[in-house]
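Chain by chain, the residues run as shown.
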Amino acid sequence: MDENNLYHSTDDDTLYKLAELFKVFGDPTRIRILHSLLNQELCVQDIADTLSMTQSAISHQLRILKQMSLVKFRRDGKTIYYSLADEHVATIMGQGLEHVCEE
């Protein structure tokens, strides 16, 4: 589907889902988590240490990010590692950063 066709033929349900997606990006903690995962996968403790937050707070936000398919995880023994779900998430983050850094 070409880009112009996508923008003109989007139904209300799809636009609602898009609005919900952008709500997830509206939380600074979730943005910080996504930013920390841009170049590497991390476990909850590593994310908590990086952001100076509790594991509980990070786990809560990761649950939301997983529900919205923005992060994925893999288990290695007892440790779970998180990473961005796909290149789309990195693109959204990159374009958002580019936009806010414009002068």
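All of the points below concern the structure found in this document. (Residues numbered from 1 in each chain as written. Predicted model: local features only at pLDDT ≥ 70, side-chain atom pairs only at ≥ 80, totals over all residues. Heavy atoms only, no water.)

1. Quick word on the pairing of strand S3 (residues 79–84)
Then comes step 1: Pairing of strand S1 (residues 42–43) with S3 involves 2 bridges; the strand directions are antiparallel. By the bridge assignment for S3, cysteine 43 is matched with tyrosine 81.
Then comes step 2: Looking at chain direction, strand S2 (residues 71–76) and S3 are connected through 6 bridges and run antiparallel. Note on S3: the bridge partner recorded for lysine 72 is serine 83. (Pairing = 2+ DSSP bridges. Helix = DSSP H or I, 4+ residues; strand = E, 2+ residues; numbered from the N terminus.)

2. A closer look at the nonpolar core
Then comes step 1: Leu34 and Leu62 are the most contacted members of the largest nonpolar core, which totals 21 residues.
Then comes step 2: At the level of elements, helix H2 (12–24), helix H3 (28–36), helix H4 (44–51), helix H5 (55–67), S3 and helix H6 (87–101) are the ones that each hand at least two residues to this core.
Then comes step 3: In contact with leucine 62, not counting residues within four places along its chain, are Ile33, Val44, Ile47, Val71 and Tyr82. (Core = buried A, V, L, I, M, F, W, Y, C linked by side-chain atoms within 4.5 Å. Buried < 20%, exposed > 50% of the residue type's maximum accessible area, 1.4 Å probe, protein only. Contact = heavy atoms within 4.5 Å.)

3. Some thoughts on the sheet that holds S3
Then comes step 1: The strand order S1-S3-S2 describes an open sheet built from 3 strands, whose pairing is antiparallel. Strands with a single pairing partner mark the edges of an open sheet, and in this sheet they are S1 and S2.
Then comes step 2: Where H5 meets the sheet, it contacts S2 and S3, and its direction lies at approximately 115 degrees from that of S2. (Axes fitted to C-alpha atoms, helices over the stretch in contact; angles between N-to-C directions.)

4. Points about unusual backbone geometry
Then comes step 1: Even without a glycine there, the phi angle at serine 52 is positive, about 55 degrees.
Then comes step 2: By the secondary structure assignment, serine 52 is in the loop between H4 and H5.
Then comes step 3: With a relative accessible area of 67%, serine 52 lands in the exposed category.
Then comes step 4: For serine 69, which is not a glycine, the phi torsion comes out positive at approximately 60 degrees.
Then comes step 5: Counting through the fold element by element, serine 69 comes out in the loop between H5 and S2.

5. Some remarks on the side chain of threonine 29
Then comes step 1: The residue threonine 29 is located in helix H3 in this model.
Then comes step 2: Those residues in contact with threonine 29 that lie beyond four places of it in its chain are Met53 and Gln61.

6. A word on the packing of H3 against H6
Then comes step 1: Packing of H3 against H6 leaves a shortest axis separation of 11 Å and a crossing angle of 110 degrees. Taken together, the axes of H3 and H6 are roughly perpendicular relative to one another. H6 is crossed by H3, and the crossing has left-handed handedness. Residues Ile31, Leu34 and His35 of H3 form the contact with H6, whose own contacting residues are Val89, Met93 and Leu97.
Then comes step 2: Counted by class, the contact of H3 with H6 contains 5 nonpolar, 1 polar and no charged residues. (Parallel < 35°, antiparallel > 145°, perpendicular 65-115°, else oblique. Left-handed = near helix turned anticlockwise from the far one by under 90°. Nonpolar A, V, L, I, M, F, W, Y, C, P; charged D, E, K, R; others polar.)

The analysis is restricted to geometry; functional conclusions fall outside its scope.
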